[in-house]
Amino acid sequence: MISSVDLPKKSDVVIIGGGVMGASTAYHLAKRGVKDVVLLEKEDFFGEGATGRCAGGVRYQFSTEINLKLSLASLPMLERFKDETGQEIHYRKCGYLLVATQEKDVAAFRRNIELQHRLGIQTEWLDGDEVRARLPWMRFADALAGTFHQKDGLVDPNSVVMGYIAEAQRQGVKAFTRIEVRDINIESGKVTEVITLSGSIQTQTVVNAAGPWSKLVGDMAGISLPVVPVRRQMFTTTPLPDLPADFPFVIDFAQSLYFHREGEGLLIGMSNPDEKPGYDQRVDEAFELVNLEAASARLPMLEKAGLVSRWAGLYEVTPDAHPIFGSTPVEGFLVVTGFSGHGFMHGPAAGLLMAELICDGKFKSVDVTALDLARFSEGRLIQEYNVV
Ligand SMILES: Cc1cc2nc3c(=O)[nH]c(=O)nc-3n(C[C@H](O)[C@H](O)[C@H](O)COP(=O)(O)OP(=O)(O)OC[C@H]3O[C@@H](n4cnc5c(N)ncnc54)[C@H](O)[C@@H]3O)c2cc1C
């Protein structure tokens, strides 16, 4: 046994995973007065999984009521973040501009915007000419329509993780890096203990917040989670002084190709529709060329730009692109995972909801009972259209 750290022998709650879900859950538990909490992260630093590799996009523009409600709960929490935790998170409201170039997407965008308006989300509708007028630097001759929401934007993911963890620690939560959970003991259908190479912790409540690795953690408890890791990658460019500072987060929806300001340059990414599930986080150079070509065709000034950095990370994907919240057939084994490429922005609300479940026995802020694990075996899937 490695004994470089003194892990507590017992804890009320053990959270597995130090990304946005684990950090937010720890913070909200502490805020509710549950302070005998241990958070375990296997990497050298918190937020090194999907959260630290994500694009930092936050948006109101979703296609299902439940995701819209999660955004309505979560984005205002990001606006209040500095007041609550003291941590600056650099929320930039540059707006998301989603561009449709296919008739089927135009129809879906119309349905989405109607639903958004019904829930009080004032997304703007743009016709093809209005899209082109807003993006004079880009080639969008084929744009048929677009939608824009001014309060969508960008937030720094690491600041959110560190803000939550630092405040949780100030309130008594014990958070450890370099501690990998290897097993979970179950007795008579109940969680009893979490096993690591540095020791074991007795507990009756475990939160699986292991993101793309949550299926592996589920397996430790004998719970099969339909969450698969899928690689996504992006790169940043050298400065592009001809682009304005308020350049929006542009999404070419049909190609899953996106652009947003990153410093003086741009961050550009594209989803590979042929990517197979797996844990490889190396950049796929062949697909990077596909991405570069598609991006330059949309934004010709990229031909003069250089590459500054590039990385890949893993989406934690479920069959209906919606997360899994709550309890499982093993008593005390709770999950908050499967956000399928848009979990960073819903992390604040997700942690609050997990704290409500643990403290009050039910979700209060947003009714996410439909996002239970049982929906997969009972055929109650809810498909999200706006997956990028
Ligand atoms: C390239 C990319 C771009 C994205 N862009 C956006 C975006 O713009 N907006 C948005 O909202 N979302 C985005 N996402 C999705 C978002 O990053 C995720 O949905 C979210 O970060 C998931 O958070 P998490 O805490 O569940 O997972 P993670 O951040 O991966 O955290 C899980 C943690 O658990 C740890 N862990 C795993 N197994 C163990 C174990 N056995 N013991 C201890 N620790 C363990 C891991 O090391 C990891 O740190 C993007 C994702 C990627 C990959």
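Check the entry above for the structure.
Residues numbered from 1 in each chain as written. Predicted model: local features only at pLDDT ≥ 70, side-chain atom pairs only at ≥ 80, totals over all residues. Heavy atoms only, no water.

With respect to the sheet that holds strand β6 (residues 145-149)
Move 1: Here eight strands make up an open sheet; going across it, the order is β5-β6-β4-β14-β15-β16-β13-β17 and the pairing mixed. Every other strand in the sheet has two partners, leaving β5 (124-127) and β17 (307-317) as the edge strands with one partner each. Sheet twist, expressed as the mean angle between neighbouring strand axes with direction ignored, is 20°.
Move 2: In this sheet, β17 lies alongside strand β13 (residues 228-237) in antiparallel orientation, the contact comprising ten bridges. Bridged to Arg231 within β17 is Leu314. (Pairing = 2+ DSSP bridges. Helix = DSSP H or I, 4+ residues; strand = E, 2+ residues; numbered from the N terminus. Axes fitted to C-alpha atoms, helices over the stretch in contact; angles between N-to-C directions.)

Some remarks on the pairing of strand β9 (residues 181-187)
Move 1: The pairing of β9 with strand β10 (residues 190-196) spans six bridges and is classified as antiparallel. From the neighbouring strand, Asp183 faces β10, where its bridge partner is Ile195.
Move 2: Between the end of β9 and the start of β10, which pair antiparallel, lie two residues, with Ser188 showing a positive phi angle near 50°.

Brief notes about the pattern of salt bridges
When their charged atoms lie close together, side chains carrying opposite charge are able to pair.
Move 1: Inspection of the entire model under this criterion finds 28 salt bridges.
Move 2: A salt bridge links Asp280 to Arg231; the shortest N-O distance between them is 3.6 Å. Here Asp280, found in the loop between β16 (265-270) and α9 (285-298), pairs with Arg231, found in strand β13; they are 49 residues apart in sequence, far enough to count as distant.
Move 3: Arg310 is the partner of Glu288 in a salt bridge, and the nearest nitrogen-oxygen pair spans 2.4 Å. Of the two residues, Glu288 sits in helix α9 while Arg310 sits in strand β17, which places them 22 residues apart along the sequence.
Move 4: A relative accessible area of 7% places Glu288 in the buried class.
Move 5: Bridged by salt links that share partners, the residues Arg231, Glu275, Asp280, Arg282 and Asp284 form one connected network. (Salt bridge = Lys/Arg side-chain N within 4 Å of Asp/Glu carboxyl O. Buried < 20%, exposed > 50% of the residue type's maximum accessible area, 1.4 Å probe, protein only.)

Topic: the packing of helix α1 (residues 20-31) against helix α7 (residues 157-170)
Move 1: Orientation of α1 relative to α7, taken along the N-to-C sense of each, is 35°, at an axis distance of 8 Å. Relative to α7, α1 is oriented so that their crossing is left-handed. Taking contact as the criterion, the partners of Val20, Ala23, Ser24, Ala26, Tyr27, His28 and Ala30 in α1 are, on α7, Val160, Val161, Tyr164, Ile165, Glu167 and Ala168.
Move 2: Class assignment for the residues of the contact of α1 with α7 results in ten nonpolar, two polar and one charged. (Left-handed = near helix turned anticlockwise from the far one by under 90°. Contact = heavy atoms within 4.5 Å. Nonpolar A, V, L, I, M, F, W, Y, C, P; charged D, E, K, R; others polar.)

A word on the site of the ligand
Move 1: The full set close to the ligand counts 39 residues, and Glu41, Ala50, Thr51, Glu316 and Met345 are the nearest of them.
Move 2: Met345 is positioned with one of its backbone polar atoms (N or O) 2.8 Å from an oxygen atom of the ligand.
Move 3: When the ligand is considered free in solution it has 1000 Å² of accessible area, and contact with the protein chains removes 98% of it.
Move 4: If you list the elements that add at least two residues to the shell around the ligand, you get α1, α2 (50-53), β13, β17 and α10 (343-360).
Move 5: Looking at the shell around the ligand, the element that brings in the most residues is β17, giving four residues.
Move 6: When the residues that make up the shell around the ligand are grouped by side-chain class, the tally is 20 nonpolar, twelve polar and seven charged. (Near = heavy atom within 4 Å. Polar contact = N/O pair within 3.5 Å; in protein donor to acceptor, adjacent residues only side chain to side chain. Areas by Shrake-Rupley, 256 points an atom, 1.4 Å probe, with all protein chains shown as cover.)

The values are spatial; any link to function lies outside them.
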